[in-house]
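Observations on the three-dimensional arrangement
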Amino acid sequence: MAATTTPAPLARHLLRARDAADAEYADPSLDVATLARRAHASVAHFSRTFKETFGETPHQYLQTRRIERAQELLRLTELTVSEICLAVGYTSLGSFSATFKRTVGVAPSVWREQERAYALRARIPSCFRREWQRPRAVPDSRIREADGPEVG
Amino acid sequence: MVGDQDEALAWYTEKLGFEKVVDMDAGGWRWITVAAPGQADEFTISLIDPSVRPDVEADVRSLMARGGLNGVIIQTDDARAAYEELSARGVEFTSEPEEFFYGIDCGFRDPFGNAFRLTQVAAVPAEPTPANTPS
């Protein structure tokens with residue numbers, strides 16, 4: 001039976017861009033413009049349709065993915081906060097710490113102490129944690145959406 | 001659920017290496033199942049066209065394209081080898097093999113957005129340590 005390739009819906013292209021954010025979050029140069037290119041869309045169109053499709057902006061998605069990965073490293077490693085900041089794609093400790101606190105509610109070091117009390121959570125496979133436990137972004141009108149690198 | 005049954009059947013058999021188990025007219029709609037080689041009695045995947053349920057078709061297609069249909073985990077004896085083999089066939093991986101406390105794990109999607117995990121389960125799960133911590 002011959003296979004026919006049907007045109008992928010826009011959401012499928014957007015999902016590929018979101019997958020790229022999941023896989024390449026550690027690259028500080030990964031930004032909304034790069035993700036838009038992966039979706040074969042202009043930055044403005046990409047940002048608008050991404051939010052319509054997934055309920056949050058691509059900037060928020062990338063930011064919260066980085067924070068989620070930072071939480072995983074805080075939970076399971078002895079890396080310093082500075083090392084984790086760099087490992088998840090931030091280049092400024094101040095920017096990382098501020099974003100972490102705004103998103104999670106407490107500073108990274110405080111969160112690490114709190115979370116260590118719940119060590120059993122670490123037994124949940126990371127693929128499930130990555131899918132379901134990413135923190136939600138706190139709206140911040142100061143964040144520009146269709147911008148370049150988000151890290152300061 | 002799949003976006004196109006012919007395309008899905010080709011992908012699941014030619015790219016993923018599964019075998020067609022059933023392909024039949026079920027009375028106005030097409031029933032197709034595939035399975036890992038030699039395992040049709042244990043686990044099959046139905047390649048269903050969401051148009052069989054017009055009342056939910058639009059929602060299902062939207063969920064599928066947005067990556068909202070997840071949960072299938074395929075166990076393998078060698079995750080890294082399977083990753084290399086499937087990548088060479090053009091399977092779209094979302095994450096490369098990584099070592100976790102439960103084994104070696106990676107993820108991929110079918111052409112329609114359905115997500116799969118490919119896992120080589122560790123014989124005895126180790127305690128989480130920095131050495132087996134995901135990046």
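Residues numbered from 1 in each chain as written. Chains lettered and ligands numbered in written order. Predicted model: local features only at pLDDT ≥ 70, side-chain atom pairs only at ≥ 80, totals over all residues. Heavy atoms only, no water.

Moving on: the overall build of chain A. Looking only at helices and strands, one finds eight helices and zero strands in chain A. When the elements of chain A are put in sequence order from the N terminus, they spell out α-α-α-α-α-α-α-α. Relative to its 152 residues, chain A shows a buried fraction of 49%. Taking the contacts inside chain A whose residues are at least 6 apart along the sequence as the reference set, 69% of them involve residues at least 24 apart. In the structure as shown, chain A presents an accessible area of about 7,300 Å², 58% of it carried by carbon and sulfur atoms. (Helix = DSSP H or I, 4+ residues; strand = E, 2+ residues; numbered from the N terminus. Buried < 20%, exposed > 50% of the residue type's maximum accessible area, 1.4 Å probe, protein only. Contact = heavy atoms within 4.5 Å. Areas by Shrake-Rupley, 256 points an atom, 1.4 Å probe, with all protein chains shown as cover.)

Before going further, it helps to examine the packing of helix 1 (residues 10-24) of chain A against helix 4 (residues 58-76) of chain A. All names here are of chain A. Viewed as axis vectors pointing N to C, helix 1 and helix 4 meet at an angle of 30°, and their least axial separation amounts to 9 Å. One finds that helix 1 runs roughly parallel with respect to helix 4. Remark: the crossing between helix 1 and helix 4 carries right-handed chirality. Together, Arg-18, Ala-21 and Asp-22 of helix 1 and Tyr-61, Leu-62 and Arg-65 of helix 4 make up the contact between the two elements. Of the residues belonging to the contact of helix 1 with helix 4, the class tally is three nonpolar, no polar and three charged. (Axes fitted to C-alpha atoms, helices over the stretch in contact; angles between N-to-C directions. Parallel < 35°, antiparallel > 145°, perpendicular 65-115°, else oblique. Left-handed = near helix turned anticlockwise from the far one by under 90°. Nonpolar A, V, L, I, M, F, W, Y, C, P; charged D, E, K, R; others polar.)

Take Asp-110 of chain B: it is sitting in the loop between strand 6 (103-109) and strand 7 (115-121). Of the buried charged residues, Asp-110 of chain B lacks a salt bridge, with Arg-12 of chain A as the closest side chain of opposite charge at 5.7 Å. Only 2.8 Å separates the side chain of Asp-110 of chain B from the side chain of Tyr-12 of chain B, close enough to count as a polar contact. A distance of 2.8 Å separates a polar side-chain atom of Asp-110 of chain B from the backbone nitrogen of Phe-112 of chain B. The residues touching Asp-110 of chain B, leaving out its near neighbours within four places in the chain, are Arg-12 of chain A together with Val-2, Trp-11, Tyr-12 and Phe-116 of chain B. (Lys, Arg positive; Asp, Glu negative; His and termini not counted. Salt bridge = Lys/Arg side-chain N within 4 Å of Asp/Glu carboxyl O. Polar contact = N/O pair within 3.5 Å; in protein donor to acceptor, adjacent residues only side chain to side chain.)

Phi angles above zero are rare outside glycine, and His-40 of chain A is one such case at about 55°. Within the element layout of this structure, His-40 of chain A appears in the loop between helix 2 (32-38) and helix 3 (43-54).

Looking now at the pattern of salt bridges. According to the stated counting rule, one finds 19 salt bridges over all chains in the structure shown. As a salt-bridge pair, Glu-68 of chain A and Arg-65 of chain A come within 2.6 Å of each other at their nearest N and O atoms. Here Glu-68 of chain A and its partner Arg-65 of chain A are both found in helix 4, three residues apart, which amounts to about one turn of the helix. An identical accessibility class is assigned to Glu-68 of chain A and Arg-65 of chain A; each is buried. Across the pair Arg-61 of chain B and Glu-57 of chain B runs a salt bridge whose closest N-O atoms are separated by 2.9 Å. Pair noted here: Arg-61 of chain B and Glu-57 of chain B are both in helix 2 (residues 57-65), with a separation of four residues, about one helical turn. Owing to a relative accessible area of 29%, Arg-61 of chain B belongs among the partly exposed residues under this scheme. Taking relative accessible area as the criterion, Glu-57 of chain B reaches 21% and is therefore assigned partly exposed. Look at the salt bridges and you will find they share partners, linking Asp-22, Arg-65, Glu-68 and Arg-69 of chain A into a network.

Okay, the sheet that holds strand 3 (residues 45-46) of chain B next. Strand-to-strand pairing in sheets goes through backbone hydrogen bonds, with the strands running parallel or antiparallel. All names here are of chain B. Spatial strand order, 1-2-3: three strands in an open sheet with antiparallel pairing. Strand pairing shows two members of the sheet lacking a second neighbour, strand 1 (19-25) and strand 3, which therefore form its edges. Inspection of the sheet shows strand 2 (residues 30-35) paired to strand 3 by two bridges, in the antiparallel sense. Residue pairing for strand 3: Val-34 is matched across the bridge by Ile-45. Across the sheet, helix 1 (residues 5-15) is in contact with strand 1, strand 2 and strand 3; its angle to strand 2 comes to roughly 10°. (Pairing = 2+ DSSP bridges.)

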